[in-house]
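As a plain string of letters, each chain reads:
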Amino acid sequence: MTEKLDRSLREAGLRVTRPRVAVLDAVRANQHADASEILRAVRAQLPAVSHQAVYDCLSALTASGLVRKIEPAGSPARYEWRRGDNHHHLVCRSCGVIADVDCSVGHAPCLTANDDHGFVIDEAEVIYWGMCPACTTAGSTLTKSGITND
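Everything quoted here is computed from the prediction, not taken from an experiment.

## Some words on the pattern of salt bridges
Under the criterion given, the structure shown has 6 salt bridges. One salt bridge in this structure joins R82 and D85, with 2.5 Å as the shortest N-O distance. Assessed through its relative accessible area of 33%, D85 is described here as partly exposed. Taking the shortest distance from any N to any O, the salt bridge between D100 and R82 comes out at 3.6 Å. Pair noted here: D100 is in strand β5 (residues 98–101) and R82 is in the loop between β3 (78–80) and β4 (88–92), with a separation of 18 residues, a long-range link. Sharing partners across several salt bridges, the network here consists of R82, D85, D100 and D102.

## Thoughts on the packing of helix α2 (residues 18–29) against helix α4 (residues 51–64)
At a minimum axis separation of 9 Å, α2 and α4 run at an interaxial angle of 70 degrees. As far as their axial angle goes, α4 and α2 are roughly perpendicular. Touching P19, R20, V23, L24 and V27 of α2 are V54, C57, L58, A60 and L61, all from α4. Across the contact of α2 with α4, the residue classes tally to 9 nonpolar, no polar and 1 charged.

## Describing the pairing of β5
Of the strand pairs in this sheet, β4 and β5 are connected by 4 bridges, and their pairing is antiparallel. Within the sheet, the bridge partner assigned to H89 lies in β5 and is D100. Here β4 folds back onto β5, and the loop between the two strands holds 5 residues, one of which, G96, carries a positive phi near 85 degrees.

## Concerning the sheet that holds β3
The strand order β1-β3-β2 describes an open sheet built from 3 strands, whose pairing is antiparallel. At either end of the open sheet lies a strand with only one pairing partner, and these are β1 (33–34) and β2 (68–70). Relative to β3, β1 runs antiparallel, the two sharing 2 bridges. Residue pairing across strands places D34 opposite R78, the latter belonging to β3.

## Overview of α4
The end-to-end C-alpha separation of α4 is 20 Å, in line with the 20 Å expected for 14 residues at 1.5 Å each. Buried residues of α4: V54, C57, L58, A60 and L61, and no others. Along the long axis of α4, the arc covered by the buried residues comes to 170 degrees, so they all point the same way. Elements in contact with the buried residues of α4: α1 (2–11), α2, α3 (35–45) and β3. The first or second residue beyond α4 is G65, which carries a positive phi of 85 degrees.

## Focus: unusual backbone geometry
You will see that H32, though not glycine, has its phi angle at about 65 degrees, which is positive. Note on H32: relative accessible area 9%, which makes it buried. Here the phi dihedral of H117 falls at roughly 50 degrees; this positive angle occurs in a residue that is not glycine.

## Re α1
Buried residues of α1: L5, D6, S8 and L9, and no others. Along the axis of α1, the buried residues cluster in a sector spanning 160 degrees; they form a single face. Of the residues in α1, the exposed ones pointing more than 90 degrees away from the buried face are E3, R10 and E11. Those residues of α1 hidden inside the fold are in contact with α2 and α4. Just beyond α1, the residue with positive phi is G13, at close to 80 degrees.

Rules used in this analysis
- Residues numbered from 1 in each chain as written.
- Predicted model: local features only at pLDDT ≥ 70, side-chain atom pairs only at ≥ 80, totals over all residues.
- Heavy atoms only, no water.
- Salt bridge = Lys/Arg side-chain N within 4 Å of Asp/Glu carboxyl O.
- Buried < 20%, exposed > 50% of the residue type's maximum accessible area, 1.4 Å probe, protein only.
- Helix = DSSP H or I, 4+ residues; strand = E, 2+ residues; numbered from the N terminus.
- Axes fitted to C-alpha atoms, helices over the stretch in contact; angles between N-to-C directions.
- Parallel < 35°, antiparallel > 145°, perpendicular 65-115°, else oblique.
- Contact = heavy atoms within 4.5 Å.
- Nonpolar A, V, L, I, M, F, W, Y, C, P; charged D, E, K, R; others polar.
- Pairing = 2+ DSSP bridges.
- Expected span 1.5 Å × (residues − 1).
- Arc of directions from axis to C-beta.

Keep in mind these values describe shape, not function.
Right, dumping it as structure tokens:
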């Protein structure tokens, strides 16, 4: 896997460094993880890596398109390996778990704007909010949004 990650970095025009490889591997292994979760995963491989190094790597990997950054309302930024296919996300209002959802209809950008105001649209970002099966089953009454399901 390391060779594939190294090649991905080179193809994106980035230098191959141990922190970048470790961050890229952590994102691949921990879908929808936030920066602190990625930091913990990276420190398992590189104990001395700094917070700033991980943030810098995430920034470079996101800017190069190797990693996708999503920012659900009320949640820290999350990072994912899956990119370039214009998929969407489900977010649980109670526990915050995130799941991928493929485009629902047609080709990217999946949705057609009522009025594009002259823009050439190439992507749509959709976040579906609700309760995951585990929280629905548990009958959670306190949710992140303050909505109850009693």
